[in-house]
Amino acid sequence: MADWIVDQRDVDVEHQVWHWEDQTYERYRQHLSVALGNTPDAPHPFDVELTRVPPGARPCPVHAHKERWEFFIVVEGRASVERDGEEVEVGQGACFMQPAGTRHRIRNASDADDLVFYVIANEVEDETTERVRV
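Residues numbered from 1 in each chain as written. Predicted model: local features only at pLDDT ≥ 70, side-chain atom pairs only at ≥ 80, totals over all residues. Heavy atoms only, no water.

**Details of unusual backbone geometry**
Then, number 1: One non-glycine residue, Glu 21, lies in positive phi territory at about 55°.
Then, number 2: With respect to the helices and strands, Glu 21 occurs in the loop between strand 1 (14-20) and strand 2 (23-31).
Then, number 3: We classify Glu 21 as partly exposed; its relative accessible area is 41%.
Then, number 4: Unusually for a residue other than glycine, Asp 22 sits at a positive phi of about 65°. (Helix = DSSP H or I, 4+ residues; strand = E, 2+ residues; numbered from the N terminus. Buried < 20%, exposed > 50% of the residue type's maximum accessible area, 1.4 Å probe, protein only.)

Shown next, in the form of structure tokens:
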């Protein structure tokens, strides 16, 4: 296969569990753009990862990016999507943006099934992310 093509099934899965403000956050992610050569020395114009969130879990707290935009594509499951205090439930096939400066988060809205989504973000040097207490 050409060196500019990867099969996502061959990309390592990173399991992340972390705690902040008495909450636990969990996700499994495949950093596809890194597998395609995205590095600090040779940055791509965008960052892409495939994320799987276990039933009922959240991958991150409410947060906002100073300059980064994020585009989400829900592949499987149901998500509860929060944006500037408004919460909406979406399912497979839903696509949505989180503009820079927007307070947002996503969580798995199911107690039984995984949530799987792609997140594509513009690559921004020295990006600042602000976690927000809720």
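**Regarding the environment of Glu 67**
Then, number 1: Relative to the helices and strands, Glu 67 resides in the loop between strand 4 (63-65) and strand 5 (70-76).
Then, number 2: Classification of Glu 67 as partly exposed rests on a relative accessible area of 44%.
Then, number 3: Considered as a pair, Glu 67 and Asp 113 are 46 residues apart in the sequence and their alpha carbons are 33 Å apart.

**A few points about the sheet that holds strand 10 (residues 115-122)**
Then, number 1: Taken in spatial order, the 6 strands make up an open sheet running 1-2-3-10-5-8, and their pairing is antiparallel. Unpaired on one side and paired on the other, strand 1 and strand 8 (95-98) mark the two borders of the sheet. On average, each strand axis in the sheet is inclined to that of its neighbour by 30°, with strand direction left out of account. (Pairing = 2+ DSSP bridges. Axes fitted to C-alpha atoms, helices over the stretch in contact; angles between N-to-C directions.)

All quantities given are derived from atomic positions and should not be read as evidence of function.
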